[in-house]
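A structural walkthrough
Each chain is listed here by its residues.
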Amino acid sequence: MTIRVLIADDQMMVRQGFTVLLNAEPGIEVVGQAVDGLDALEKTAELAPDVVLMDIRMPRLGGIDATRRITEAPGGAPRVLVLTTFDLDEYVYEALRSGASGFLLKDASAAELAQAVRVVAAGDALLAPNITKRLIAEFSRVSAGPRAPGRERVGDLTERETEVLSLIAQGLSNAEIAVRLVVAEQTVKTHVSRILVKLGLRDRTQAAVFAYESGLVRPAGY
């Protein structure tokens, strides 16, 4: 199936460049462009893309607020992949808390961009490796208190589901989790699906956010 993509960026050259790059990839089609966050909301409703490439800083309505509105809309909301030139912690953290499924810097190669679209379209999480450590540090800082949000909801999970959730938050893929737990990869997929349903989460990215904010996962040194 072809992955339908909407590109939201206030710079025309960026929109056109990404359009050319992605349309050259098999199985990916850019179905529209938006000039700001409000335009992205309208185009998303009109075109029903599978993935929205969302810039952070845009006039009228920024990418973080636009992401929140898109992902909170009822029905089958598209995945949002946040693209930005700004390698700043608060943008990463707020974008993911707003429902983004991935975060990628604009200096990524064409191949990395196309792969990112495919990853988030498949429901997986995507984070640029050079921001992951600082992201974890920010999660740990905000979840340091005894009343971290969602802590009680962890109790709804079985012991094995809790273990799988912690491994998701550490960045392990289903295959890597299967090796770690010595189980079949399909078993891990089943656990992941149950975790998302029980916690009311959309995807692995939100699961990772939940794990850190609830205090379930605390990296060494924090």
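Our subject is the structure that appears above.
Residues numbered from 1 in each chain as written. Predicted model: local features only at pLDDT ≥ 70, side-chain atom pairs only at ≥ 80, totals over all residues. Heavy atoms only, no water.

So, about the overall build of the protein chain. For the protein chain, the helix and strand inventory stands at 10 helices and 6 strands. A buried classification covers 51% of the 222 residues belonging to the protein chain. For the protein chain, long-range pairs separated by at least 24 residues make up 66% of all intrachain contacts whose partners lie at least 6 apart in sequence. Of the accessible surface of the protein chain, which amounts to about 10700 Å², a share of 53% is contributed by carbon and sulfur atoms. (Helix = DSSP H or I, 4+ residues; strand = E, 2+ residues; numbered from the N terminus. Buried < 20%, exposed > 50% of the residue type's maximum accessible area, 1.4 Å probe, protein only. Contact = heavy atoms within 4.5 Å. Areas by Shrake-Rupley, 256 points an atom, 1.4 Å probe, with all protein chains shown as cover.)

The side chains of a regular strand alternate between both faces of the sheet. Most of strand β4 (residues 79-84) sits inside the fold, with 6 of its 6 residues counted as buried. The alternating pattern of β4 places Arg-79, Leu-81 and Leu-83 and Val-80, Val-82 and Thr-84 on opposite faces, both of which are buried. Sheet topology places strand β3 (residues 51-55) next to β4; 5 bridges connect them, and they run parallel. Of the residues in β4, the one forming a bridge with Val-52 is Val-80. (Pairing = 2+ DSSP bridges.)

Looking now at helix α5 (residues 110-121). The end-to-end C-alpha distance of α5, which contains 12 residues, comes to 17 Å, matching closely the 16 Å that a straight helix rising 1.5 Å per residue would cover. Taken from the residues just after α5, Gly-123 is the one with a positive phi, measuring 95°. (Expected span 1.5 Å × (residues − 1).)

Let's shift gears to the environment of Leu-21. Within the secondary structure, Leu-21 sits in helix α1 (residues 12-23). Here Leu-21 falls in the partly exposed class, since its relative accessible area comes to 37%.

Another aspect to go through is the pairing of strand β5 (residues 102-105). Side chains Gly-102 and Leu-104 of β5 all project onto a buried face; the interleaved residues Phe-103 and Leu-105 project onto the opposite face, where all are buried too. The pairing of β4 with β5 spans 4 bridges and is parallel. In the sheet register, Leu-83 faces β5, and the bridge partner there is Leu-104.

The subject of this paragraph is the pattern of salt bridges. Using the criterion set out here, one finds 8 salt bridges in the structure. The residue Asp-39 makes a salt bridge to Lys-43 at a minimum N-O spacing of 3.4 Å. Pair noted here: Asp-39 and Lys-43 are both in helix α2 (residues 37-47), with a separation of 4 residues, about one helical turn. Looking at Asp-39, the relative accessible area reads 11%, which means it is buried. Accessibility expressed as a relative area gives 22% for Lys-43, which makes it partly exposed. In this structure, Asp-65 engages Arg-68 in a salt bridge whose closest nitrogen and oxygen atoms are separated by 2.9 Å. Residue Asp-65 and its partner Arg-68 are located together in helix α3 (residues 63-72), separated by 3 residues, close to a single helical turn. Since its relative accessible area comes to 28%, Arg-68 is described here as partly exposed. Among the charged side chains, a network of salt bridges with common partners joins Asp-9, Asp-55 and Lys-106. (Salt bridge = Lys/Arg side-chain N within 4 Å of Asp/Glu carboxyl O.)

Before going further, it helps to spend a moment on α1. End to end, α1 covers 16 Å across 12 residues, agreeing with the expected 16 Å (1.5 Å per residue, within 8%). Among all positions in α1, only Val-14, Arg-15, Phe-18, Thr-19 and Leu-22 are buried. Taken down its axis, α1 places every buried residue within 130° of arc, on the same side. For α1, the exposed residues lying more than 90 degrees away from the buried face are Met-13 and Val-20. Buried residues along α1 sit in contact with β1 (3-8), β2 (28-34), β3, β4 and α5. (Arc of directions from axis to C-beta.)

All right, on to the side chain of Glu-161 then. Note that Glu-161 resides in helix α7 (residues 159-169). Only 2.9 Å separates the side chain of Glu-161 from the side chain of Lys-198, close enough to count as a polar contact. Contact partners of Glu-161, with chain neighbours within four places excluded, come to His-191, Arg-194, Ile-195 and Lys-198. (Polar contact = N/O pair within 3.5 Å; in protein donor to acceptor, adjacent residues only side chain to side chain.)

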